[in-house]
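Secondary and tertiary structure notes
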Amino acid sequence: MPAVDSADAATWVVLGRTEDGVAAALLDAEGVELGRRALTANGRLEWIARVEADAAPRWVWHDTPAWYAELLAAGIRVARCHDLRLCHAILRDSSLVHDDAGLRAARQWDAAALVDAVAGAPALFEIEADTAAGPTTLPDRLEDALAEFARQRRAAAAASEPGRLRLLLAAESAGALVAAELRAAGLPWDAAVHDRILTEVLGRRPAGGGNPARVDELAARVRDALGDPSASLDSQPKLLRSLHRVGVLVESTSKWELAEQRHPVIAPLLEYKQLMRLLTANGWTWLSEWVHDGRFRPVYVPGGVVTGRWASSGGGALQLPRRLREAVRADPGWLFVVADVAQLEPRVLAAMSRDTALADAARGRDLYAGVVAAGAVTTRSEAKIAMLGAMYGATTGDSGRLVPRLRRTFPRAMALVDEAARTGEDGGVVRTWLGRTAPAPSLQWSAAQSQATEAQASQADETRARRWARDRGRFTRNFVVQGTAAEWALAWLADLRTRLADMAPVGAQDAAPRSGPAFATRPHLAFFLHDEVIVHTPAARAEEVAEAVRASAAAAGRLLFGDFPLDFPLDLRIAPTALKE
DNA sequence: GTTATAGGCGCG
DNA sequence: AAAGCGCGCCTATAAC
């Protein structure tokens, strides 16, 4: 194989470890290898930066954070990649794939996400050839990557809907780049504001440990109302017994059940629980652990949820309480563009099912108002709980009662989710718009179903089988919608990321030094949460960024659903904080 | 001592 | 009000 200097003709550049260190294999558009190049410790970052600038190939690597974190730290951004781990998982499970390539047999690629960037696992470039790969690590040698990449290309080419699958693989990989960039950039976070909120809500933080003043006060009031100065408030069973002793006959200590009761203990107890939640989940300990140098750097896990949504690992990035959004503060001279999609999931459902009646209802800003206008229900709140009930599989309560009305008004959309539920109950698999496929039922599930059909099956066997079947039906019903919404969001992110990178940098005097070299002079993504993005931008660029965010949403809709007439309107604001409303 | 689970609650 | 989906993280407690 010839050693090559120029990567201009390469469509793909595969990176991996070799006996001597790290090497790159250059492939043309058909996947034919053009040559290889060893990347020495001295010149490799420069070479990658130069190839990216000259040829912008799609970088193929076994795991994005393992390779990209170091590039970002050196100020090198890449436009495109192919994440072998994430793409393997999609192709392995997709019902669109007919596995002639032996992809499913490549079990070494099934390893879970590599953890963990937080603790500072050694970057791949630091790993020497003599480091034995443990059983929980993915293959990272160049030969492994080339073989797996070839399998994936064959599997995708032979799939039933290769176009959709390739779109999904590209979107998933772009998401991996975004996740690494989000972590590298961090979310601007003002620790002083966070501390002020905590002090206002919880009371002053005691110097020598123990609970803040307001928490102690509330605990005393609760114990007083319970008539027990030593009552335990943090142990659910003990608290339940204490409540029963004073005549509060609840079955659990959850807040919704407590809220129905009328007793002097209820109000202080609910507030106590709320405050303790804030203290333990996002109090001063969280602040000192997760916020450094004015940045919150959560660990995102792309594809971490079975539906394709992202998960998070450490920092709780996807559960930040709304009251702390005030602590999200742009750097001086910078602003945020905060945007979320209004009612993403029902819109996605309308497009998937080609339900023009639902698309018509979605035409304005407020889909639920449109549902009322269509005559399905009489109030907005009814529209909302009915629509959620249809997508989640509600059978009881107001929600369950209202769903049939939606079925009459939006038969195509409802048929899609009803069919997904039926397929799931029968043990079948469902897939998203682009082909991400729900896991097959477990062996235990299938055994329970067949057992229930046997002659000697007990009533309990049948009841359990039916319950599990309905459980799975609700899961597959929701999977198709939640998963396709996640695909739309990935397309939105990927397009927006490109638009932001194409913007001209601002002068160095406006730079935000704390975001790191790759993000110091340009608008950059700072946060993502299922259907919401926050872009951190030089103030002078804010309007331009807002336009890009809107344009990307429109582009995502077209990319997935072509010319189906459907809006994806955003709630968007430009502000120095991430506060909503 | 560590690990696993349940209840509870934050987010979409 | 809470039910119907998907998560992560906290505490207490049980299990090992």
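Because the structure is predicted, anything quoted here is derived from the model rather than measured.

1. Describing the overall build of chain A
Counting secondary structure elements, chain A contains 20 helices and 14 strands. For chain A, whose C-alpha radius of gyration is 26 Å, the value lies close to the compact-globule estimate of 25 Å for 581 residues. Taken along the three principal axes of its C-alpha coordinates, chain A extends 85 × 70 × 50 Å. Counting all 581 residues of chain A, 50% fall into the buried class. Put simply, 69% of the contacts in chain A that link residues at least 6 apart link residues at least 24 apart. Taken as a whole, chain A presents about 25,800 Å² of accessible surface, with 52% of it coming from carbon and sulfur. Here chain A contributes 69 positive and 72 negative side-chain charges, whose respective centroids are spaced 5 Å apart.

2. Side note on the environment of Glu19
Within the element layout of this structure, Glu19 appears in the loop between β1 (12-17) and β2 (22-27). You can call Glu19 exposed: its relative accessible area is 73%. Along the chain, Glu19 and Leu142 lie 123 residues apart, while their C-alpha atoms are 9.7 Å from each other.

3. Thoughts on the packing of helix α17 (residues 411-425) against helix α19 (residues 459-502)
Across the interface, α17 lies against α19 with an axial gap of 7 Å and an inter-helix angle of 135 degrees. Between α17 and α19, the angle falls in the class oblique. Along this stretch, α17 crosses α19, giving a crossing that reads as right-handed. Along the contact surface, α17 presents Leu416, Val417, Asp418, Ala420, Ala421, Thr423, Gly424 and Glu425, while α19 presents Ala469, Arg470, Arg472, Gly473, Thr476, Arg477, Val480 and Val481. Among the residues forming the contact of α17 with α19, the class breakdown is 7 nonpolar, 4 polar and 5 charged.

4. Digging into the protein's contact with DNA strand B
Around DNA strand B lies a shell of 18 residues, among which Thr253, Lys255, Arg277, Arg322 and Asp531 are the nearest. Considering DNA strand B, the proportion of its atoms within 4 Å of the protein that are sugar or phosphate atoms stands at 77%. At 2.8 Å, a side-chain N or O of Arg322 approaches a phosphate oxygen of DNA strand B. Between DNA strand B and the protein, one listed contact pairs a sugar or linking oxygen with a side-chain N or O atom of Asp531 at 2.9 Å.

5. Describing the domain arrangement of chain A
Entries for chain A in the domain assignment read domain 1 (12-185), domain 2 (192-287), domain 3 (298-343 + 486-575) and domain 4 (344-482). Here domain 1 and domain 4 have C-alpha centroids that lie 36 Å from each other. Each partner contributes to the interface: domain 1 provides 10 residues, whereas domain 4 provides 7 residues. Carbon and sulfur atoms make up 53% of the surface buried where domain 1 meets domain 4, a total of about 820 Å² over both sides. Contact with domain 4 buries area across many residues of domain 1, yet Ser95, Arg164 and Leu168 alone supply 55% of it, more than any other trio. Here domain 1 and domain 4 share 1 salt bridge between them.

6. Digging into the protein's contact with DNA strand C
The immediate surroundings of DNA strand C are formed by 29 residues, with Ser235, Trp256, Gly314, Asp398 and Arg474 found nearest. The protein-proximal atoms of DNA strand C, defined as those within 4 Å of the protein, are 73% sugar or phosphate. A distance of 3.5 Å separates a phosphate oxygen of DNA strand C from a polar atom in the side chain of Glu260. For DNA strand C, a sugar or linking oxygen lies 2.7 Å from a polar atom in the side chain of Arg474. Counting only elements with at least two residues in the surface near DNA strand C, the list comes to α10 (266-282), β10 (311-312), α15 (380-392), α16 (397-409) and α19. Counting residues per element, the surface near DNA strand C draws most heavily on α19, which supplies 4 residues. Looking at the surface near DNA strand C residue by residue, the class counts come to 8 nonpolar, 14 polar and 7 charged.

7. Brief notes about the pairing of strand β13 (residues 532-538)
Burial analysis of β13 places 7 of its 7 residues in the buried class, the great majority of the element. Here strand β11 (residues 334-341) runs beside β13; their pairing, made up of 7 bridges, is antiparallel. In the strand pairing of β13, Trp334 is matched with Pro538. Here 4 bridges tie strand β12 (residues 524-528) to β13, and the two strands are oriented antiparallel to one another. Across the sheet, residue Phe528 finds its bridge partner in β13, namely Val533. Between β12 and β13, which pair antiparallel one after the other, the connecting turn spans 3 residues, and His530 there sits at a positive phi close to 65 degrees.

8. Quick notes on the nonpolar core
If you look at the biggest cluster of nonpolar residues, it comprises 132 residues, and the most contacted ones within it are Trp189, Val371, Trp488, Trp492, Val549 and Phe561. Here this core gets 12 residues from one element, more than from any other, and that element is α19. What Trp189 contacts, discounting residues up to four positions off in sequence, is His194, Trp286, Leu287, Val291, Gly294, Arg295, Phe296, Leu320, Leu324, Ala327, Val328 and Arg329. Among the nonpolar cores identified, the runner-up in size contains 25 residues, and Val13, Leu15, Ile48 and Val78 belong to it.

Each value, and the rule that gives it
- Residues numbered from 1 in each chain as written.
- Chains lettered and ligands numbered in written order.
- Predicted model: local features only at pLDDT ≥ 70, side-chain atom pairs only at ≥ 80, totals over all residues.
- Heavy atoms only, no water.
- Helix = DSSP H or I, 4+ residues; strand = E, 2+ residues; numbered from the N terminus.
- Rg over C-alpha atoms; globule rule 2.2 N^0.38 Å.
- Buried < 20%, exposed > 50% of the residue type's maximum accessible area, 1.4 Å probe, protein only.
- Contact = heavy atoms within 4.5 Å.
- Areas by Shrake-Rupley, 256 points an atom, 1.4 Å probe, with all protein chains shown as cover.
- Lys, Arg positive; Asp, Glu negative; His and termini not counted.
- Charge placed at Lys NZ, Arg CZ, Asp CG, Glu CD.
- Axes fitted to C-alpha atoms, helices over the stretch in contact; angles between N-to-C directions.
- Parallel < 35°, antiparallel > 145°, perpendicular 65-115°, else oblique.
- Left-handed = near helix turned anticlockwise from the far one by under 90°.
- Nonpolar A, V, L, I, M, F, W, Y, C, P; charged D, E, K, R; others polar.
- Near = heavy atom within 4 Å.
- Polar contact = N/O pair within 3.5 Å; in protein donor to acceptor, adjacent residues only side chain to side chain.
- Domains from an automatic or database assignment.
- Buried area = accessible area lost by both parts, 1.4 Å probe.
- Salt bridge = Lys/Arg side-chain N within 4 Å of Asp/Glu carboxyl O.
- Pairing = 2+ DSSP bridges.
- Core = buried A, V, L, I, M, F, W, Y, C linked by side-chain atoms within 4.5 Å.

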